[in-house]
Amino acid sequence: MPEQSNGPVEFTRWPETDAARYRSEGIWAGTTFDRILRDTATRRADTVAVIDADTSWTYAELDARVRTLAAGLLDLGIEPRQRVMVQLPNRAEYVATVFALFRIDALPVFCLPAHRSAELTALAAASESVAIVVAHHHEGFDHAALAADVATAVPSLRTIVCIPDAGAVAPEGTVAFDTVRGQDREFPTADPGEVAFLQLSGGSTGVPKLIPRTHDDYLYSVVRSNEVCGVTEETVYMATLPVSHNFPMSSPGILGAVVAGGTIALTPSPAPSTAFAMIERAGVTMTGLVPPLARLWTESAERGQPHDISTLATVQVGGARCPDELATRIGPALGARLQQVFGMAEGLVCYTHLDDSDEVVTTTQGRPMSPLDRIRVVDDNDVDVPAGSEGSLMTHGPYTIRGYYRNADANARSFTDDGWYRTGDIVRVDARGNITVCGRAVDRINRGGEKVSAEEVEEHLLAHPSIRDAVVVAIADEYLGERTCAFVLAADEDNPPRTSQIRAFVRDRGLAAWKIPDKVQVLDAFPETGVGKTSRKELRRALTGR
Ligand code: AMP
Ligand code: DBH
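Note that the coordinates shown come from a computational prediction; the quantities given were computed from them, not determined experimentally. (Residues numbered from 1 in each chain as written. Chains lettered and ligands numbered in written order. Predicted model: local features only at pLDDT ≥ 70, side-chain atom pairs only at ≥ 80, totals over all residues. Heavy atoms only, no water.)

Some thoughts on the overall build of the chain
Inference 1: When helices and strands are tallied, the chain shows 17 helices and 27 strands.
Inference 2: Against the 2.2 N^0.38 benchmark of 24 Å for 546 residues, the chain shows a C-alpha radius of gyration of 23 Å, consistent with a compact globule.
Inference 3: When the backbone C-alpha atoms are referred to their principal axes, the chain occupies close to 70 × 55 × 55 Å.
Inference 4: Expressed as a percentage of its 546 residues, the buried residues of the chain come to 57%.
Inference 5: For the chain, the computed accessible surface area is about 21500 Å², with 50% contributed by carbon and sulfur atoms.
Inference 6: Taking the average location of the 53 positive side-chain charges in the chain and that of its 73 negative ones, the two points are 1 Å from each other. (Helix = DSSP H or I, 4+ residues; strand = E, 2+ residues; numbered from the N terminus. Rg over C-alpha atoms; globule rule 2.2 N^0.38 Å. Buried < 20%, exposed > 50% of the residue type's maximum accessible area, 1.4 Å probe, protein only. Areas by Shrake-Rupley, 256 points an atom, 1.4 Å probe, with all protein chains shown as cover. Lys, Arg positive; Asp, Glu negative; His and termini not counted. Charge placed at Lys NZ, Arg CZ, Asp CG, Glu CD.)

Things to note about the site of ligand 1
Inference 1: Of all residues adjacent to ligand 1, which total 18 residues, the nearest are G202, V341, A345, E346 and D425.
Inference 2: Within the side chain of E346, a nitrogen or oxygen atom sits 2.8 Å from an oxygen atom of ligand 1.
Inference 3: Taking K451, its side chain carries an N or O atom lying 3.2 Å from an oxygen atom of ligand 1.
Inference 4: Against a free-state accessible area of 500 Å², the protein chains account for coverage of 95% of ligand 1.
Inference 5: Put simply, the parts of the chain that give the shell around ligand 1 at least two residues each are strand 16 (337–344) and strand 23 (444–447).
Inference 6: Among the elements that take part in the shell around ligand 1, strand 16 stands out by supplying four residues, more than any other.
Inference 7: Residue composition of the shell around ligand 1, by class: six nonpolar, seven polar and five charged. (Near = heavy atom within 4 Å. Polar contact = N/O pair within 3.5 Å; in protein donor to acceptor, adjacent residues only side chain to side chain. Nonpolar A, V, L, I, M, F, W, Y, C, P; charged D, E, K, R; others polar.)

Quick look at the site of ligand 2
Inference 1: The immediate surroundings of ligand 2 are formed by H245, N246, F247, S251, G319, V341, G343, M344, A345, V349 and K451.
Inference 2: In this structure, an oxygen atom belonging to ligand 2 sits 3.3 Å away from a main-chain N or O atom of A345.
Inference 3: Listed by contribution, the elements that provide at least two residues to the shell around ligand 2 are helix 8 (246–250) and strand 16.
Inference 4: Broken down by element, the residue count for the shell around ligand 2 peaks at three residues, all from strand 16.
Inference 5: Its residues assigned to classes, the shell around ligand 2 comprises five nonpolar, five polar and one charged.

Topic: the sheet that holds strand 27 (residues 519–523)
Inference 1: Ordered by their spatial adjacency, three strands build an open sheet running 25-26-27, and the pairing between neighbours is mixed. Looking along the sheet, the strands with just one partner apiece sit at the ends: strand 25 (467–477) and strand 27. Recorded for the sheet is a direction-independent mean angle of 25 degrees between the axes of neighbouring strands.
Inference 2: Relative to strand 26 (residues 481–490), strand 25 runs antiparallel, the two being bridged by 10 bridges. In the sheet register, V471 faces strand 26, and the bridge partner there is F487. (Pairing = 2+ DSSP bridges. Axes fitted to C-alpha atoms, helices over the stretch in contact; angles between N-to-C directions.)

Some words on the packing of helix 7 (residues 215–229) against helix 9 (residues 253–260)
Inference 1: Running from N to C, helix 7 and helix 9 point in directions that differ by 75 degrees, and their axes come no closer than 9 Å. It follows from the interaxial angle that helix 7 and helix 9 lie roughly perpendicular. Of helix 9, the residues touching helix 7 (which contributes Y218, L219, V222, V223 and N226) are L255, G256, V259 and A260.
Inference 2: Partitioned by chemical class, the residues of the contact of helix 7 with helix 9 number seven nonpolar, two polar and no charged. (Parallel < 35°, antiparallel > 145°, perpendicular 65-115°, else oblique. Contact = heavy atoms within 4.5 Å.)

Let's talk about the side chain of D63
Inference 1: Mapped onto the elements of the fold, D63 is located in helix 3 (residues 59–75).
Inference 2: With near-sequence residues (within four places) excluded, D63 lies in contact with L37, R38, A41 and R103.

Let's talk about the packing of aromatic side chains
Inference 1: Within the structure shown, the criterion is met by 12 aromatic pairs.
Inference 2: On the basis of an interplanar angle of 75 degrees and a centroid distance of 5.0 Å, the ring pair of W14 and W28 is categorised as edge-to-face. Taken together, the residues W14 in the segment before helix 1 (16–24) and W28 in the loop between helix 1 and helix 2 (33–43) connect sequence positions 14 residues apart.
Inference 3: Judged by its relative accessible area of 7%, W28 falls in the buried class.
Inference 4: Considering the side-chain rings of F99 and F102, the 5.7 Å spacing of their centres and the 80 degrees angle between planes classify their relative orientation as edge-to-face. You can see F99 and its partner F102 sitting in helix 4 (residues 92–103), three residues apart, about one turn around the helix.
Inference 5: Overall, F102 belongs to the buried group, its relative accessible area being 4%.
Inference 6: Three or more aromatic residues joined by ring pairs form one cluster here, namely F33, F99, F102, F110, F197 and Y218.
Inference 7: Above the plane of the ring of F141 lies R116, whose end atom (NZ or CZ) is 3.6 Å from the centre.
Inference 8: Lying over the aromatic face of W420, R376 brings its terminal NZ or CZ to 5.8 Å of the ring centre. (Phe/Tyr/Trp six-rings, centres within 6.5 Å; stacked < 30°, edge-to-face > 60°. Lys NZ or Arg CZ within 6 Å of the ring centre and 35° of its normal.)

Considerations on the pairing of strand 26
Along any regular strand, the residues point their side chains to alternate faces of the sheet.
Inference 1: A large share of strand 26 lies buried, amounting to eight of its 10 residues.
Inference 2: Between strand 25 and strand 26, which pair antiparallel one after the other, the connecting turn spans three residues.
Inference 3: Bridging between strand 26 and strand 27 involves five bridges; their strand directions are parallel. Paired with L489 across the bridge in strand 27 is L523.
Inference 4: Running through helix 16 (residues 499–508), the crossover from strand 26 to the neighbouring parallel element strand 27 is right-handed. (Right-handed = clockwise from strand over helix to strand, strands pointing away.)

Written out as structure tokens, the structure is:
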């Protein structure tokens, strides 16, 4: 039976034997993100909670804003357990919005600023979201107009809350962010064992996958991350990557800072000049980067740059494989300790530890953060490979989901019957337990940390009237690690589509920019697969020689 938009949020629970153990050992602490903020706001009222390009709020101020905003959201008709999309850039209002949604027990859906109509429409429909929060223009793009398009396509989405451009009013049809304020009142209480929000997976299929995370499981991942990463109330964590992403959100991320009573800094741009200026201004001690950005920062610092970034103590790199050569340069260039992070929004997060040897830190992606994480490395038949050999990584544990949100097909593919998550990553585990990521799931391209589903892009290419067939593959790239290449067959061989036109077509279908094929090649035929059927895997191998 399809659930109502304000009904219970069903998800695959952990088996009761595991859940009972996690609870009795205090791994699941039985508290909520709202209570965490209230506690920190009491303990650390005068500490700076959030700094962005033009704002600085103490915890007392953040909590007061969360209270009025939460009341205003209730006044708009948003009810507990309903889903609300958040598509905001890295600015202070992001933090207020997410905690206000937690306060009314509504579920944020963590969208990225780069998402366009294809992604947002699918996410709105899958989550049956009732509202979306946007900032009018970001990097020249009109997010209010985009939200209006999504609302037209998805009937459940009835409210658009918009932060207007500086000095302007909110566009018609939207509710101005600053007017969303209500009188203080009793707020609903959330259940720590229930889903707190929907996170997104980079995915390997054409359909977006929503990841249901509970207060209990996610808070544990944040608390344990804080222990491993040495986060304290002195920590100033800067979100450099888009803050909706699981890495800057929780590993240990902005939530780690709130749990510890430290400070969140938000840089409007990850470019070295802007980010370094923010490090200097806010006294940033820790941040997380994807490898291409780490290279940009490292090269900028090696050339010499004007800002004092000496407060920076830990630089995390994750999201995609960091080349060993780059890993050796990051620490010395930025005057900080490198920490590699291999994580996934589905759960499992691995870290190198701050006291690991340089060799471990520069050549491995670390080890699972929790003693209760279970991992297996298996062959194509799910049989464990010999110790130290390459194989596919499977995992389960106290903060790894047991199923996607309402997606039986993806669950059948990605989870075993007994609840192990198939990460799709090819890894090797050394004698000390450290993991090296050697490869990827076949159909997912990792473009510098931004994941591209080959199938999703192929589906859009196939909608082009002049394209008969399409295969999207990864091509090696020095800067991004991988880029995308689309091989297509023309419907009419005498009149093949132009490659620039194909890229424009995909963009116009409303795909995020990082998914537009970097390269398009029109072929006369795909190579024979040898088995007589169009196996993408074999085609890919034939086309790329890998
Ligand atoms: P997602 O499921 O979209 O959250 O993406 C998680 C995936 O990103 C992992 O399964 C890996 O494929 C990839 N990934 C994350 N961190 C690293 C890393 N440090 N090295 C290599 N791959 C990574
Ligand atoms: O790539 C990821 O999804 C990721 C990387 C590092 C992640 O989810 C995380 C840390 O928590």
